[in-house]
Amino acid sequence: MGNRLPRARYEKELFRLQSELVKLQEWVRVEGARLVVVFEGRDAAGKGSTIKRVTEYLNPRVARIAALPKPTERERTQWYFQRYVEQLPAAGEIVLFDRSWYNRAGVEHVMGFCAPEEYRRFLAQCPIFERLLVEDGILLRKYWFSVSDNEQLKRFRSRQGDPMRQWKLSPMDLESITRWEDYSRAKDEMLVHTDIAEAPWFVVDSDDKRRARINMIAHLLSTVSYHEVHRSPLHVPDHPAATGYVRPPRDLQTYVPDHAGTLT
């Protein structure tokens with residue numbers, strides 16, 4: 001995969017790509033398109049940090065992240081795809097799935113959270129479900145973030161010693177270390193059944209997070225035939241002439257303490 005991408009070059013290209021994402025967002029909004037991007041992969045593979053870079057300059061009213069918690073007791077009795085359908089975009093929206101319906105093909109299957117017949121049913125229904133989405137006009141893009149076992153272990157250990165990121169390390173994450181080959185087999189089986197022509201999988205090498213982000217965003221942009229939408233220029237007016245308004249005294253309102261002033 002080559003040497004790690006230098007920071008200066010990475011940041012310059014990332015900003016250029018993010019400016020294109022803004023253009024893509026405006027095209028989606030104006031054209032009434034519906035875009036779904038699925039982010040899957042191993043724990044600590046860099047999915048979350050890539051999503052952050054994708055959405056950094058986007059309008060949250062247009063582009064939103066769907067990161068569902070574990071299903072409720074009621075949701076467990078529904079058709080498996082039902083709660084994900086509720087998250088799909090309307091016209092002019094982008095939805096980024098930080099993990100998705102593919103939980104059933106990965107963690108649920110490996111950890112025994114679903115029955116074997118539920119797993120087999122998922123593998124049979126998933127291609128049908130995704131073909132229906134595409135046939136209805138949804139732009140569906142699926143990315144699998146691939147990280148080596150050594151790099152994953154390195155990232156887990158760095159989280160363990162970082163108080164700002166310890167929340168990102170869970171017992172389930174650690175379980176993925178001892179079940180590395182089980183997850184590998186599950187991923188291979190998933191690809192066999194769900195890498196379909198209408199909605200193919202795209203694998204992102206993510207041992208170098210900078211390269212992974214750049215490569216994923218550049219590829220996403222290349223798969224959508226968007227164009228820049230020209231907006232009518234807006235004019236910021238001057239303040240109108242004063243008409244006698246008098247602001248109330250400051251001591252009649254409660255201000256937050258000037259913590260910043262203690263830093264100087």
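Above this note sits the structure.
Residues numbered from 1 in each chain as written. Predicted model: local features only at pLDDT ≥ 70, side-chain atom pairs only at ≥ 80, totals over all residues. Heavy atoms only, no water.

A. Just the environment of aspartate 195, in detail. The residue aspartate 195 is located in the loop between helix H9 (180-194) and strand E5 (201-205) in this model. It is 28 Å that separates the C-alpha atoms of aspartate 195 and glutamine 18, two residues lying 177 residues apart in sequence. Look past the residues within four positions of aspartate 195 in its chain and what remains in contact with it is Met190, Pro200 and Trp201. Of note is the side chain of aspartate 195, whose polar atom sits 2.8 Å from the backbone nitrogen of tryptophan 201. (Helix = DSSP H or I, 4+ residues; strand = E, 2+ residues; numbered from the N terminus. Contact = heavy atoms within 4.5 Å. Polar contact = N/O pair within 3.5 Å; in protein donor to acceptor, adjacent residues only side chain to side chain.)

B. Spotlight on the nonpolar core. Counting 32 residues, the largest nonpolar core has Leu21, Leu24, Trp27, Val37, Met216 and Ile217 as the members making the most contacts within it. Where this core is concerned, the elements lending two or more residues are helix H1 (7-31), strand E1 (34-41), helix H2 (47-55), strand E3 (93-98), strand E4 (139-146) and helix H10 (209-222). Per-element tally for this core: the top contributor is H1, with seven residues. Apart from the residues lying within four places of it in its own chain, the contact partners of leucine 21 are Val54, Leu58, Ile217, Leu220 and Leu221. Membership of the second largest hydrophobic core comes to 27 residues, among which are Val38, Phe81, Tyr102 and Leu140. (Core = buried A, V, L, I, M, F, W, Y, C linked by side-chain atoms within 4.5 Å. Buried < 20%, exposed > 50% of the residue type's maximum accessible area, 1.4 Å probe, protein only.)

C. Local environment of the packing of aromatic side chains. A full pass over the atoms with the stated rule returns 18 aromatic pairs. Seen in terms of ring centroids, tryptophan 79 and phenylalanine 81 are 5.2 Å apart; in terms of plane orientation they differ by 55 degrees. Their pairing is tilted. On the basis of relative accessible area, phenylalanine 81 is assigned to the buried category, the value being 0%. Here tryptophan 79 and phenylalanine 129 contribute two aromatic rings whose centre-to-centre distance is 6.1 Å and whose plane-to-plane angle is 80 degrees, an arrangement assigned as edge-to-face. A residue pair is termed long-range when its members are at least 10 positions apart, and tryptophan 79 in the loop between helix H3 (73-76) and helix H4 (82-85) and phenylalanine 129 in helix H6 (residues 116-135) qualify at 50 residues. For tryptophan 79, a relative accessible area of 44% puts it in the partly exposed group. Judged by its relative accessible area of 5%, phenylalanine 129 falls in the buried class. Taken together, the aromatic side chains of Trp79, Tyr80, Phe81, Tyr84, Phe97, Trp101, Tyr102, Phe122, Phe129, Trp144 and Trp201 make up a single cluster linked through ring pairs. (Phe/Tyr/Trp six-rings, centres within 6.5 Å; stacked < 30°, edge-to-face > 60°.)

D. Highlighting the packing of helix H7 (residues 149-160) against helix H8 (residues 171-178). The N-to-C vectors of H7 and H8 enclose an angle of 150 degrees; their axes lie 11 Å apart at closest approach. Considered as vectors, H7 and H8 are oriented roughly antiparallel to each other. Taken as a pair, H7 and H8 cross one another with a handedness that is left-handed. Together, Gln152, Leu153 and Phe156 of H7 and Asp173, Ser176 and Ile177 of H8 make up the contact between the two elements. (Axes fitted to C-alpha atoms, helices over the stretch in contact; angles between N-to-C directions. Parallel < 35°, antiparallel > 145°, perpendicular 65-115°, else oblique. Left-handed = near helix turned anticlockwise from the far one by under 90°.)

E. Local environment of a nonpolar patch on the surface. A cluster of nonpolar side chains, contributed by Phe15, Val22 and Tyr57, occupies part of the molecular surface with about 290 Å² of accessible area. Take tyrosine 57: its relative accessible area is 44%, and that puts it in the partly exposed class. (Patch = residues over 30% accessible without salt bridge, like charges linked within 9 Å, V, L, I, M, F, W, Y side chains within 5 Å. Areas by Shrake-Rupley, 256 points an atom, 1.4 Å probe, with all protein chains shown as cover. Salt bridge = Lys/Arg side-chain N within 4 Å of Asp/Glu carboxyl O.)

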